[in-house]
Amino acid sequence: MKHALALSALYLLTGSAQATPADLAKMKTSDFLLSTGPTGCQAKGMKADAKGDYLYVAEMCGALDPVTRKAIKDANGNRVASVSMYNLRTLKLEKIIQTPRGALKGIIGNTEVDMTIDDKYVLVARAESDGTAPLYPGGAGMVTAIRSDTHEVAKYIPVNGSGAKTIMRRPFVQGEGNRQIVYVANYFSDDISILDVTNLETIQGMRADAALIKRVKVKSAFINPNKNGYKIAPRGLAFTPDGKYAIVLATETGSIIVMDSVNHTQLAELPPMPTSIAGREVNVRHIVTTNDGEVAYLSHMRGNAISRINVLKLISMARTAGGQVLPVSAWNDLLIPFANGKKLIDVIKYPKDHPNFANQTWQFADPNTIVLDPVNNRYLYVSNRTRSAKDYNIINLKIKGKIDVIDTESGEIIFTMAGGAQPTALEVSPDNRVLISAGFKDDTIYFYDLEKMLSIYESGQTTGLR
């Protein structure tokens, strides 16, 4: 039924069934916006379950009443940390799940979400704590495990590091049976927490402290000596399909760290991308890999670009590096140019219906979260937070971000949609029909009709059809 509706819209738009990609140029964001809804305060990360039934949204500064939009507080008058659960069939908010709060003067809520491989649990990272936190105080982050069948909190897992943000499950490793390992990148303490969530249900009580295996301090040869606080800021995480290697993006240094994810040791570091290639200074923020594990896409928040690298070559280089830094020239072998010859895709162009920068370029796009088409791995979706000024600390809530849709076969941006205020959390439904974005600063979730957009774009093509 939904597919038929999308094709009907296609006929109305063009007057015939033979639409072309050029028809997208006539359209606006509103042509693809299915609906919006409320989130908690500062939606940071989100994850859909494997069946496409539910979407879980981690909210960094806590729950908001979906009607009054006022902060929900506990009996002591403190804000409540939360995860909003959306029904992806109805696109409606179904439940607000309360989790242990963090620091009252800092990050009180949650940051990122992933699922266990068996889909029994939703794993939600809380960044930090303080002396008043009810669980794991003293600055530490934690993970809340929520049962996916009952949507009730089941376990609490410490990470012992601070700034727990990106959380990523490792694929099964041959010879380890059904062992389920999870990595948590601790942005503030410059380390990775390794969790074993294989048999959470067998651990007595709510506290699953035994699930924390160890913390691994990441190392970099490119630390700015003048930088205060965190110096590496591990953020993006990805694993090879065999689960044997992890790729960790160091946001502050701009380098890429390769780890042995069986023994949990650092193997090598790839230097920051040289300006001779990028044409400017770039960092690395988030990473997604193709299903076959051969290609990884990178977002460069500092540098306003997207690139892709050969994962197989990177792992091969890391295995023989002896724990050392790879030569900067390695980038020449690792970068995979797109069909249009570009090594980096610039994301500074804004759509004609953007409320602030209509048909303009803006040098502070700040591409952040990226997700890849889960069906064919053809399309890459990019959330651009969009700063209002050069100073990262200046945020104008009236400035809106954008969402880019990139055809990785051509390397071209096929459509750009206006987003909420600083869109950060981003996800795509498992069937690649609905794209979901959340405004970090307007506490709103946006659902976009990908099926309609891609039907128009792909109509008339002889290859690459879904």
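For clarity, every value in this text was computed on a predicted model and none was experimentally measured. (Residues numbered from 1 in each chain as written. Predicted model: local features only at pLDDT ≥ 70, side-chain atom pairs only at ≥ 80, totals over all residues. Heavy atoms only, no water.)

### Digging into the sheet that holds strand E25 (residues 412-418)
Pairing is antiparallel in the open sheet, where 4 strands are placed in the order E22-E23-E24-E25. In this open sheet, the two edge strands, each paired with only one partner strand, are strand E22 (367-372) and E25. The average undirected angle you get between the axes of adjacent strands in this sheet is 20°. The pairing of strand E23 (residues 379-384) with strand E24 (residues 402-407) spans 6 bridges and is classified as antiparallel. When the bridges of E24 are listed, Tyr381 appears paired with Val405. Of the strands in this sheet, E23, E24 and E25 touch helix H5 (residues 450-458), which is tilted by about 125° from E23. (Pairing = 2+ DSSP bridges. Helix = DSSP H or I, 4+ residues; strand = E, 2+ residues; numbered from the N terminus. Axes fitted to C-alpha atoms, helices over the stretch in contact; angles between N-to-C directions. Contact = heavy atoms within 4.5 Å.)

### Digging into the state of the cysteines
For the structure on display, the rule yields 1 disulfide. Two residues share a disulfide in this structure: Cys41 and Cys61, whose sulfurs sit 1.7 Å from each other. Taking the sign of the S-S torsion, -70° for the link of Cys41 and Cys61, the bridge is left-handed. Linking Cys41 in the loop between strand E1 (33-38) and strand E2 (43-48) with Cys61 in the loop between strand E3 (54-59) and strand E4 (81-87), this pair joins segments that are 20 residues apart in sequence. (Disulfide = S-S within 2.5 Å.)

### Here's the deal with the nonpolar core
Residues Ile256, Leu270, Met273, Leu298, Ile309, Leu314 and Trp331 are the most contacted members of the largest nonpolar core, which totals 30 residues. Membership of the second largest hydrophobic core comes to 21 residues, among which are Leu24, Met27, Ile414 and Met453. (Core = buried A, V, L, I, M, F, W, Y, C linked by side-chain atoms within 4.5 Å. Buried < 20%, exposed > 50% of the residue type's maximum accessible area, 1.4 Å probe, protein only.)

### Things to note about H5
Of all 9 residues that make up H5, 9 are buried, and the element is covered over most of its length. The N-terminus of H5 is capped by Asp449, whose side-chain oxygen sits 3.2 Å from the backbone nitrogen of Glu451. (Polar contact = N/O pair within 3.5 Å; in protein donor to acceptor, adjacent residues only side chain to side chain.)

### Looking at the side chain of Asp49
With respect to the element layout, Asp49 can be found in the loop between E2 and E3. Reaching out from Asp49, the side chain makes a polar contact with the backbone nitrogen of Gly52 at a distance of 2.8 Å. Those residues in contact with Asp49 that lie beyond four places of it in its chain are Tyr54, Met115 and Pro430.

### Concerning the environment of Leu33
Relative to the elements of secondary structure, Leu33 occurs in strand E1. Once residues within four sequence positions are removed from consideration, Leu33 is found in contact with Tyr446, Phe447 and Tyr448.

### Some points on the packing of aromatic side chains
Counted under the stated rule, the structure contains 11 aromatic pairs. On the numbers, 5.5 Å between centres and 70° between planes, the contact of Tyr350 with Phe357 is edge-to-face. Joined through ring pairs, the aromatic side chains of Tyr350, Phe357, Trp362 and Phe364 make up one cluster. Sitting above the plane of the Phe440 ring, Arg385 keeps its charged end 4.8 Å from the centroid. (Phe/Tyr/Trp six-rings, centres within 6.5 Å; stacked < 30°, edge-to-face > 60°. Lys NZ or Arg CZ within 6 Å of the ring centre and 35° of its normal.)

### Thoughts on helix H3 (residues 311-319)
Looking only at H3, the buried set comprises Val311, Leu314, Ile315 and Ala318. For H3, the angular spread of the buried residues around the axis is 95°, confining them to a single face. Sitting at the head of H3, Asn310 places a side-chain oxygen 3.0 Å from the backbone nitrogen of Leu312. (Arc of directions from axis to C-beta.)

### With respect to the pattern of salt bridges
This structure, assessed with the given rule, holds 18 salt bridges. In this structure, the salt-bridge partner of Arg179 is Asp196, at a minimum N-O distance of 3.0 Å. Taken together, the residues span a long stretch of sequence, with Arg179 in the loop between strand E10 (164-169) and strand E11 (181-186) and Asp196 in strand E12 (residues 191-196) at a distance of 17 residues. With relative accessibility at 22%, the residue Asp196 sits in the partly exposed group. Close ionic contact of Asp209 with Arg207 constitutes a salt bridge, the shortest N to O distance being 2.9 Å. Take Arg207: its relative accessible area is 43%, and that puts it in the partly exposed class. Through salt bridges with shared partners, a single ionic network connects Arg378, Asp407, Glu409 and Glu458. (Salt bridge = Lys/Arg side-chain N within 4 Å of Asp/Glu carboxyl O.)

### Considering unusual backbone geometry
One non-glycine residue, Gln42, lies in positive phi territory at about 60°. Even without being glycine, Asp119 reaches a positive phi, approximately 65°. Note on placement: Asp119 falls in the loop between strand E6 (110-115) and strand E7 (121-126).

### Section: the confidence of the model for the chain
Caution applies to low-pLDDT regions: their predicted coordinates should not be interpreted in detail. Counting all residues, the mean pLDDT for the chain is 93, and 94% of those residues have values of 70 or more. In this model residues 1-17 is a low-confidence stretch, pLDDT under 50, and it forms 21 contacts with partners more than four residues away in sequence or in other chains. (pLDDT = per-residue confidence, 0-100.)

### Quick look at the sheet that holds strand E21 (residues 345-346)
With respect to topology, 4 strands assemble into an open sheet ordered E18-E19-E20-E21, the strand pairing being antiparallel. The outermost strands of the open sheet, each flanked by one partner alone, are strand E18 (287-289) and E21. Note: strand E20 (residues 305-310) against E21, 2 bridges, orientation antiparallel. Its bridge partner being in E21, Ala305 is matched across the sheet by Asp346.

### Considerations on the pairing of E4
Burial runs high along E4: 7 of the 7 residues are buried. The alternating pattern of E4 places Ala81, Val83, Met85 and Asn87 on one face and Ser82, Ser84 and Tyr86 on the opposite face, and all of these are buried. Here E4 runs beside strand E5 (residues 92-99); their pairing, made up of 7 bridges, is antiparallel. Paired with Ser84 across the bridge in E5 is Ile96. What sits between the antiparallel neighbours E4 and E5 is a turn of 4 residues, in which Leu91 has the positive phi angle 60°.

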